[in-house]
Amino acid sequence: MTIVVQHLLLILVALYYAVSAQQDAVAPRITEIKDTITAREGDTIEMTCKVENLGLNKVVWMHVKDGVYRILSTHDIRVTADERMSVSIQNGDQFNLQITEVNAQDAGKYQCQVTAAKVIVRNTTVIIQIPPVITESETEGQVVQEGTNVPMSCAAMGVPLPQISWQRQDGSLIPLGSGKYRNYTTTYTAEYVDSNFTITDIQKEDRGIYKCVANNGVGNPDERDVMLNVECMYFIHL
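(A) Inspection of the pairing of strand β4 (residues 59-65) at higher detail. With 6 of its 7 residues buried, β4 lies for the most part within the structure. With 6 bridges joining them, β4 and strand β5 (residues 68-74) adopt antiparallel strand pairing. What sits directly across from H63, in β5, is R70. Taken together, β4 and the strand that follows it, β5, pair antiparallel across an intervening segment of 2 residues, in which D66 is found at a positive phi of about 55°.

(B) Local environment of the sheet that holds strand β1 (residues 29-32). Reading across from one edge, β1-β3-β8-β7 is the order of the 4 strands in this open sheet, with antiparallel pairing throughout. Where the open sheet ends on each side, the last strands, each with one partner, are β1 and β7 (85-90). The average undirected angle you get between the axes of adjacent strands in this sheet is 30°.

(C) Here's a closer look at the pairing of β5. Summarising the sheet, β5 and strand β6 (residues 77-78) pair through 2 bridges and their orientation is antiparallel. Each residue of the ladder has a partner; that of T74, found in β6, is I77. Here β5 hands over to β6 after 2 residues, with H75 in that stretch at a positive phi of 55°.

(D) Broad picture of the nonpolar core. In terms of nonpolar packing, the biggest core is built from 24 residues, with I45, M47, V51, W61, L97 and Y110 touching the most fellow members. If you list the elements that add at least two residues to this core, you get β2 (36-40), β3 (45-52), β4, β7, β8 (94-99), β9 (108-114) and β10 (120-137). If one sorts the elements of this core by residue count, β3 sits on top with 4 residues. Excluding anything up to four places from it in sequence, M47 contacts I37, W61, F95, N96, L97, I99, Y110, T124 and V126. Membership of the second largest hydrophobic core comes to 18 residues, among which are M152, C154, A156 and A214.

(E) Local environment of the state of the cysteines. As enumerated under the stated definition, the model contains 2 disulfides in all. The disulfide that involves C49 links it to C112, with 2.0 Å between the sulfurs. Between C49 and C112, the disulfide has an S-S torsion of -80° and is therefore left-handed. Of this pair, C49 sits in strand β3 while C112 is found in strand β9, placing the two residues 63 residues apart along the sequence. What makes C49 buried here is its relative accessible area of 0%. A sulfur-sulfur separation of 1.8 Å characterises the disulfide bridge that pairs C154 with C212. Here the disulfide of C154 and C212 is left-handed, its torsion about the S-S bond being about -75°.

(F) Spatial organisation of a nonpolar patch on the surface. Judged by side-chain polarity, I71, I77 and V79 come together as a nonpolar surface patch covering roughly 260 Å² of accessible area. Residue placement: V79 occurs in the loop between β6 and β7.

(G) Focus on the pattern of salt bridges. Overall, the coordinates contain 5 salt bridges when judged by the stated rule. A salt bridge links E52 to R29, with the shortest nitrogen-to-oxygen separation between them at 3.2 Å. Of the two residues, E52 is situated in strand β3 and R29 in strand β1; the sequence distance between them amounts to 23 residues. A residue is classified by how much of its surface remains accessible, and R29, at 46% relative accessible area, is partly exposed. Two residues, K211 and E223, come together in a salt bridge whose shortest N-O distance is 3.6 Å.

Scoring rules and cut-offs
- Here the residue numbering is sequential within each chain, running from 1 through the sequence in written order.
- It should be noted that, the model being predicted, local features are given only for residues of pLDDT at least 70 and side-chain atom pairs only at 80 or more, the latter also being counted only at that level, while totals for whole chains, interfaces and linings use all residues.
- As a rule here, side-chain values come from all non-hydrogen atoms in the structure, and water together with hydrogens is ignored.
- Remark: exposure states derive from per-residue accessible area (1.4 Å probe, protein chains only) relative to the maximum for the residue type, with buried under 20%, exposed over 50%, and partly exposed in between.
- Helix and strand labels come from DSSP, where a helix needs a run of H or I of at least four residues and a strand needs a run of E of at least two; each type is numbered from the N terminus.
- Should DSSP find at least two bridges between two strands, the strands are regarded as paired.
- The convention used is that axes are lines fitted to C-alpha atoms, helices contributing only their stretch in contact, and that angles between N-to-C directions extend from 0 to 180 degrees.
- The definition of a nonpolar core used throughout is a set of buried Ala, Val, Leu, Ile, Met, Phe, Trp, Tyr and Cys residues joined through side-chain atoms within 4.5 Å.
- For this analysis, residues touch if any pair of their heavy atoms sits within 4.5 Å.
- We call a pair of cysteine sulfur atoms a disulfide when they lie within 2.5 Å.
- Patch membership requires more than 30% relative accessible area and the absence of a salt bridge. Residues of like charge join within 9 Å; the nonpolar side chains Val, Leu, Ile, Met, Phe, Trp and Tyr join within 5 Å.
- Here, Shrake-Rupley sampling with a 1.4 Å probe gives the accessible areas, and only protein chains in the shown set may cover a residue.
- Definition used for salt bridges: Asp or Glu carboxyl oxygen within 4 Å of a side-chain nitrogen of Lys or Arg.

Bear in mind that shape data such as this cannot, by itself, settle questions of function.
Right, dumping it as structure tokens:
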């Protein structure tokens, strides 16, 4: 009797592994999806997700941003109320999500999910490029005393992060004090870019219009002018 039970157990184990192997062989899998999509504000983008052996399972598109998961579609039905988005199926195995007039809020991670017994997930990251915008600068005309130190600052935002540079309107070099002049350009990697420098021991020849320029290769550079007036110091000898 014991031998019979052992044989039955062996048969059951063999059947279990055979069924498991067969299920693995026909299990759905995502075969094609882009890792990254880059676009500019106002563009139309389309994400595609190809799936093999889908069977009766469904495909879901989700947007993941700041830890929040938002369902956009299930199979060929748009779930989101956002009318810029549409879904379609090609050849029965390619599931497309299209977004028109994209903006900064559309950036982030998108998930293609297959709702099988074991959920299958692949991600696409959408990057929305944004032209540079100067958010802060010394825009008001400054009046300073000759011989003092004058801080100059400018900040900008954009995607990718802008490079901030300073120029003088008349094309002359930026004064750094102590008789030294050179062009001043700096690149920052922080999300909020802040470029600043100090004109030390400012002289009357340093007066004029200084231009802050932000450029990230998307659209046109943003510019802001700063008018700098220098009051001369006079000495009266008795």
